[in-house]
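# Overview (structure and organization)
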Amino acid sequence: MSHIVILGAGLGGVIMAYEMREKLGPSDELTVVNLGATYSFVPSNPWVAVGWRKPEEITVALEPIFKQKGIVLKPQGARRVLAPENRVELNDGTVVDYDYLIIATGPDLAFDEVPGLGPDHHTQSVCQTDHAVEAKKAFDALVVRPGPIVVGAVQGASCFGPAYEFAFILDTALRRAKKRDQVPITFVTPEPYIGHLGLDGVGDTKGLLESAMRERHIKWITNAKVTRVESDRMYVEEVDEAGATRTKHELPFAFSMMLPAFRGVPAVYGIEGLVNARGFVTVDKYQRNEAYPNVFAIGVGVAIPPVGKTPLPVGVPKTGFMIESMVTATAENIAALVRGEKPSAVASWNAVCLADFGDEGIAFVAQPQLPPRNVNWSSQGRWVHAAKIGFEKYFLHKVRQGKAETLYENLALHMLGIDKLKEIELEPGE
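Structure report, in brief. The shown structure was predicted, so the numbers you read here are calculated from the model rather than taken from an experiment. (Residues numbered from 1 in each chain as written. Predicted model: local features only at pLDDT ≥ 70, side-chain atom pairs only at ≥ 80, totals over all residues. Heavy atoms only, no water.)

### Re the overall build of the protein chain
Counted only if it meets this: Helical segments are the DSSP runs of H or I of at least four residues, strand segments are the runs of E of at least two, and each set is numbered from the N terminus. A radius of gyration in this sense is built from C-alpha atoms; the matching globule rule multiplies 2.2 Å by the number of residues raised to 0.38. Accessibility here uses a 1.4 Å probe with only protein chains present; expressed as a share of the type maximum, an area under 20% marks a residue as buried, one over 50% as exposed, and anything in between as partly exposed. Whether two residues touch is decided by their heavy atoms; if any such pair falls within 4.5 Å, the residues are in contact. Under the convention used here, Asp and Glu are negative, Lys and Arg are positive, and both His and the chain ends fall outside the count. Charge coordinates come from a single atom per side chain, which is NZ of Lys, CZ of Arg, CG of Asp or CD of Glu.
Each helix and strand in the protein chain was counted, giving nine helices and 22 strands. Its C-alpha atoms give the protein chain a radius of gyration of 21 Å, near enough to 22 Å, the size a compact globule of 430 residues would have. Principal axes of the C-alpha set define a box for the protein chain whose edges measure 65 × 45 × 45 Å. Across the 430 residues in the protein chain, those meeting the buried criterion constitute 56%. Of the contacts made within the protein chain by residues no fewer than 6 positions apart, 67% connect residues no fewer than 24 positions apart. When the 44 basic and 51 acidic side-chain charges of the protein chain are each reduced to a single mean position, those positions are 5 Å apart.

Structure below.
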């Protein structure tokens, strides 16, 4: 009998639990440690922030589903991973022992790295559903008293898609409210160019996004370092290719949403051998940590080096599909270890992203996510908005049904030429 513990019940953690349960035997135990007992579909948070979704429409109560599938839920959350002892200390002081640990916590939001940043200070966030609820209040106030918007991401950020999405969603929502003509929008990003996305672009994301921003009268500042934020003003330094300050901007705003940099969560931060300097878990090609080979990691908390050198720190995003490929590989590999076999499954790390604009959008496929790529494709159209709605409904249905995936999903992905796993590599025994 083996005991597998999963830290986190977000996009990766919930699907990890379902897929892992399917791979284990009836005598094996599976426990999920999460802060709270609710799953939220984070990609819909920008819609919550403008009132297009209610929080209850994108959340799922996990306890009854987990109970039905024989998964134990510990909603206290994790205080610290005690990796040398194969234990996790929970926030209430109790401990959980494990044979295998899967870290799927997502990131810690580093708002404190920029003075005045974040929902506790002067800018809004769509990183969490409760943040998006507060952003909706600020958006409602903006509609009543229109003024400038500053939206984007700060230096060190690694998830740029939601920033672009929200800029265009704000544009659409304000046009519907007949207030867009009173609201100038400026997009601020550390990316060296629009559409870089932390991936050095995918297909023609640069051209598509620049064109869309011009069409919608959204100005932008790239290579932008946010130095501080006040109640109605953002201070930005625009740097040159060497990282030296070229221009300083003072941007007044009535509403601002800026994505922060990410770092590892406190439960793992600073554990030597487990995480890098930013607290992200280091893994090999099997999603396994080398210092602690019974510890695996998936999702945003995994350490991935940047695509290339940029004047300001720009991280690599972990898209939903990429995370699901990590889930599948990890489930395969832990199941093999439980059987006394060697791990052999390698995640494809393909990126499939649907960036919604509220009425249309941009989609891109990068295979693999890190260049050079076999597929490097992007496209724009109203079909992307419809596809994003469809995916939201499909994924929430999957979570509520307690399913890791369906035959339909496998067939659709195969028709697109997208696979979650590389061909299985079999390594000879020592």
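The structure having been displayed, the exposition proceeds.
### A closer look at the sheet that holds strand β14 (residues 224-230)
Stated precisely, the cut-off is as follows: One bridge is not enough; two strands pair if DSSP finds at least two bridges between them. The axes used here are C-alpha line fits, helices contributing only the stretch in contact, and every angle between their N-to-C directions lies in the interval 0 to 180 degrees.
Here we have three strands laid out as an open sheet, ordered β14-β15-β16, and antiparallel in their pairing. The open sheet has two free edges, formed respectively by β14 and β16 (245-252), since each of these has just one partner strand. This sheet shows a mean twist of 20° between the axes of neighbouring strands, independent of strand direction. Direction of pairing for β14 relative to strand β15 (residues 233-239): antiparallel, over a ladder of six bridges. Bridge pairing in β15 links Glu-230 to Arg-233.

### Details of the environment of Val-5
By secondary structure assignment, the location of Val-5 is in strand β1 (residues 3-7). The residues touching Val-5, leaving out its near neighbours within four places in the chain, are Thr-31, Val-33, Val-96, Asp-97, Tyr-98, Tyr-100, Leu-101 and Ile-102.

### Observations concerning the pairing of strand β13 (residues 218-221)
What counts, and what does not: The definition of a right-handed crossover adopted here requires that, viewed with the strands pointing away, the path from the first strand over the helix to the second runs clockwise.
As paired strands, strand β12 (residues 185-188) and β13 are joined by four bridges and run parallel to one another. Bridging from a neighbouring strand, Phe-187 pairs with Trp-220 of β13. Crossover connection from β12 via helix α6 (residues 205-215) to parallel β13: handedness right-handed.

### Some details on the packing of aromatic side chains
Put simply, the test is: Stacked, tilted and edge-to-face pairs are distinguished by plane angle, under 30 degrees for stacked and over 60 for edge-to-face with tilted covering the rest, among Phe, Tyr and Trp rings (Trp via its six-membered ring) whose centres lie within 6.5 Å.
Overall, the coordinates contain nine aromatic pairs when judged by the stated rule. Centroid distance Tyr-164 to Phe-187: 4.5 Å. Interplanar angle 25°. Geometry classified as stacked. Within this pair, whereas Tyr-164 is found in helix α5 (residues 161-176), its partner Phe-187 is found in strand β12, the two being separated by 23 residues in sequence. The class for Phe-187 is buried, based on a relative accessible area of 0%. Every member of this aromatic cluster is reached through a ring pair, and the members are Tyr-39, Phe-41, Phe-391, Tyr-394 and Phe-395.

### Looking at helix α4 (residues 129-144)
One turn of an α-helix holds 3.6 residues; hence residues three or four places apart share an orientation. The criterion, for reference: Multiplying 1.5 Å by the residue count of a helix minus one yields the expected span of that helix. For this quantity, the arc is that covered by the directions from the helix axis to the C-beta atoms.
The end-to-end C-alpha separation of α4 is 23 Å, in line with the 22 Å expected for 16 residues at 1.5 Å each. When α4 is considered as a whole, its buried residues turn out to be Thr-129, His-131, Ala-132, Ala-135, Ala-138, Phe-139 and Leu-142. Projected onto a plane normal to the axis of α4, the buried residues spread over an arc of 150° and lie on a single side. Of the residues in α4, the exposed ones pointing more than 90 degrees away from the buried face are Lys-137 and Val-144. Packed against the buried residues of α4 are β3 (38-40), α2 (45-49), β10 (108-109), β11 (149-153), α5 and β17 (255-259).

### Points about the nonpolar core
Stated formally: As used here, the term nonpolar core means buried Ala, Val, Leu, Ile, Met, Phe, Trp, Tyr and Cys residues forming a set that is joined through side-chain atoms within 4.5 Å.
By size, the foremost hydrophobic cluster in this structure holds 133 residues, and its most contacted members are Tyr-18, Met-20 and Tyr-39. Setting aside residues no more than four positions away along its own chain, Met-20 makes contact with Ile-4, Leu-30, Ile-102, Ala-331, Ile-334 and Ala-335.

### Regarding helix α1 (residues 11-23)
Its 13 residues place the ends of α1 19 Å apart at the C-alpha level, agreeing with the 18 Å of an ideal helix rising 1.5 Å per residue. Extensive coverage of α1 is indicated by the burial of 11 of its 13 residues.

### With respect to the pattern of salt bridges
To be explicit about the condition: Whenever Lys or Arg places a side-chain nitrogen within 4 Å of a carboxyl oxygen from Asp or Glu, that contact is recorded as a salt bridge.
According to the stated counting rule, one finds 26 salt bridges in the structure shown. Ionic pairing is found between Arg-263 and Asp-108, a salt bridge with its closest N-O pair at 2.8 Å. Here Asp-108 lies in strand β10 and Arg-263 lies in strand β18 (residues 262-263), a separation of 155 residues in the sequence. Taking the relative accessible area as the measure of exposure, Asp-108 reaches 22% and is therefore partly exposed. Residues Arg-246 and Glu-238 are paired through a salt bridge, measuring 3.2 Å at the closest nitrogen-oxygen approach. In this structure Glu-238 comes out as buried when scored by relative accessible area, which is 16%. If you follow the salt bridges from partner to partner, you end up with Asp-171, Arg-175, Arg-180, Arg-216, Asp-359 and Glu-360 in one network.

### Considering the pairing of strand β9 (residues 100-103)
Judged by which residues are buried, β9 turns out to be covered on both faces: Tyr-100 and Ile-102 on one side and Leu-101 and Ile-103 on the other are all buried. Looking at chain direction, β1 and β9 are connected through four bridges and run parallel. Bridge assignment links Leu-7 to a residue of β9, and that residue is Ile-103. Judged from the three bridges that link them, β9 and strand β19 (residues 295-297) form a sheet pairing that is parallel.

### A word on the sheet that holds β13
The parallel open sheet is built from four strands, whose spatial order is β13-β12-β11-β17. Single-partner strands in this sheet number two, and they are β13 and β17. This sheet shows a mean twist of 15° between the axes of neighbouring strands, independent of strand direction. Sheet analysis places β11 next to β17, joined by five bridges and oriented parallel. Residue pairing in the sheet places Ile-149 in a bridge with Phe-255 of β17.

### Side note on the side chain of Glu-360
Selection rule: Counted as a polar contact is a pair of N or O atoms within 3.5 Å, where, for protein atoms, one must be capable of donating a hydrogen and the other of accepting one, and residues adjacent in sequence contribute only when both atoms are in side chains.
Within the element layout of this structure, Glu-360 appears in the loop between β20 (351-356) and β21 (361-367). Separated by 3.2 Å, the side chains of Glu-360 and Arg-216 make a polar contact. Beyond its immediate chain neighbours, meaning those up to four positions away, Glu-360 contacts Arg-216, Ala-355, Gln-380, Gly-381, Arg-382 and His-385.

No statement about biological role is implied by the geometric values presented.
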